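Results of the structural survey
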Amino acid sequence: MATLIVPPVLSSPRDDAMHLYKAFKGFGCDKKAVINILAHRDATQRALIQQEYRAMYSEELTKRLAKELSGNLEKAVLLWMHDPAGRDAILVRRALSGDTIDLRAATEVICSRTPSQILHFKQLYHSMNGIYLEHDIELHASGDHKKLLLAFVSTMRYEGPEVDRATVDYDAKALFKAGEKKLGTDEKTFIRIFSERSRAHLAAVSAAYHSMYGRELKKAVKNETSGQFEFALLTILQCAENPAKYFAKELHKAMKGLGTNDTTLIRIVVTRTEIDMQYIKAEYQKKHKKSLNDAVHSETSGDYRTFLLSLLGPGH
């Protein structure tokens, strides 16, 4: 499943650290050299480069990068330096603290991750911030959205492919009864099923719902709920069915119209590169008859563009 970036040359972390140091020296930073090295190293290599750099130059590489780079390039590179779980912890914490709370970003990260990814980033969240993820959700989310997020991050769901047909049909009926069949919505049922069931199970529930009632479960969620709660349910459902398609859609939203939502662009490209980027690119091409690389190329510029395109890998 994972599409790993293979470094073009097998270089040692020590060599990489030396080349980075060289790129920082002198007048102005050789950003091309920095991008060339870092964009082509996987999480393990990036961690080793940081260790070597610290040992050789008694300085944190990330601190140096923050000094040498700026703007969107700096944001993207610094986020890339972490491993996936560390990144998720940073993204969610950033979204749930500070002046502008970005509930949508926090919801996207939480609701699109697998139970084992959530478990891992929750542990890091606590060790990095000295505060539990649940505590920050409690503080900033509200209503059904809060209930769903809290249930979702604290339930260990099954991650395998098997589903139980009888339970699938039972859940489809329960959701119909809780939503489209009645006046008003029984949100508790949606929260319970969406937070307790595996991805394979939810995808099967969605198919069963369609064949039983001739309507899409996704449409039912849109009609019956709203706001952040709706976005969370849709994220869980779409990532159960096809995560790559979900992220292709979010990327398209971030780039369409006037101006680009760089925060979203950086978040998705950087966090999915080592997980399912090949699939996302295929879904994007299928839906928009245009490659994701072309879209990113036309919406970004300079070294920032070079870095994102290096992460995306070859265009076709």
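Residues numbered from 1 in each chain as written. Predicted model: local features only at pLDDT ≥ 70, side-chain atom pairs only at ≥ 80, totals over all residues. Heavy atoms only, no water.

Going by the annotation in an unreviewed UniProt entry, the name recorded for the chain is Annexin, with Nicotiana attenuata given as the source organism.

A short note on the overall build of the chain
As a reminder, the rule being used: Only runs of H or I of at least four residues qualify as helices and only runs of E of at least two qualify as strands under DSSP, and these elements are numbered from the N terminus. Each radius of gyration is computed over the set of C-alpha atoms, and the globule rule expresses the reference value as 2.2 Å times the number of residues to the power 0.38. Burial here depends on accessible area, computed with a 1.4 Å probe over protein chains only, as a share of the maximum for the residue type. Under 20% is buried, over 50% is exposed, and the range in between is partly exposed. Contacts: residue pairs with any heavy atoms within 4.5 Å of one another. Surface exposure here means Shrake-Rupley accessible area, sampled with a 1.4 Å probe, where a residue is shielded only by the protein chains that are shown.
Of the regular secondary structure elements, the chain holds 20 helices and zero strands. Radius of gyration (C-alpha) of the chain: 21 Å, near the 20 Å computed for a compact globule of 316 residues. For the chain, the C-alpha atoms occupy an extent of roughly 70 × 45 × 40 Å along the three principal directions. Taking all 316 residues of the chain together, the buried fraction comes to 51%. Nonlocal contacts in the chain, meaning residues at least 24 apart in sequence, comprise 68% of its contacts between residues at least 6 apart. Carbon and sulfur atoms provide 54% of the accessible area of the chain, an area that totals close to 15,100 Å².

Notes on the packing of helix α7 (residues 103–111) against helix α15 (residues 227–241)
Which entries qualify depends on this criterion: Throughout, an axis means a line fitted to C-alpha atoms (over the contacting stretch in the case of helices), and angles, computed between N-to-C directions, take values from 0 to 180 degrees. Convention used here: angles under 35 degrees read as roughly parallel, angles over 145 as roughly antiparallel, angles from 65 to 115 as roughly perpendicular, and any remaining angle as oblique. With the far helix as reference, a near helix turned anticlockwise by less than a right angle produces a left-handed crossing, and one turned clockwise produces a right-handed crossing.
Running from N to C, α7 and α15 cross one another at 25 degrees; their axes reach a closest spacing of 9 Å. For the element pair α7 / α15, the angle class is roughly parallel. When the axes of α7 and α15 are compared, the crossing they make is right-handed. Here L103, R104, T107, E108 and C111 of α7 lie close against α15, whose contacting residues are Q228, F231, A232, T235, I236 and C239.

Some thoughts on the nonpolar core
In summary, soluble globular proteins display a tendency toward joint burial of nonpolar side chains. Quick note on the threshold: Each nonpolar core is a collection of buried residues, namely Ala, Val, Leu, Ile, Met, Phe, Trp, Tyr and Cys, held together in the definition by side-chain atoms within 4.5 Å.
Counting residues in each nonpolar core, the largest one holds 97 residues, and the members touching the most others are I110 and F194. It is α15 that contributes the most residues to this core, nine residues altogether. Contacts of F194, omitting those with residues within four sequence positions, involve L148, F152, L175, L202, L217, V221, L233, I236 and L237.

What to know about unusual backbone geometry
Look at S58: it is not a glycine, yet its phi comes out positive at around 45 degrees. Structurally, S58 can be placed in the loop between α3 (43–57) and α4 (61–68). You will see that K289, though not glycine, has its phi angle at about 55 degrees, which is positive. Looking at where K289 falls in the secondary structure, it is placed in the loop between α18 (277–288) and α19 (292–299).

Describing α3
To be explicit about the condition: Working rule for helices: expected span equals 1.5 Å times residues minus one. Note that the arc is defined by the directions from the helix axis to the C-beta atoms.
The terminal C-alpha atoms of α3 lie 21 Å apart, and with 15 residues this matches the ideal 21 Å at 1.5 Å per residue to within 8%. Among the residues of α3, A43, Q45, R46, I49, Q50 and Y53 are the ones counted as buried. All buried residues of α3 project into a common sector of 160 degrees when viewed along the axis, lining one side. Facing away from the buried side of α3, by more than 90 degrees, are the exposed residues T44 and A55.

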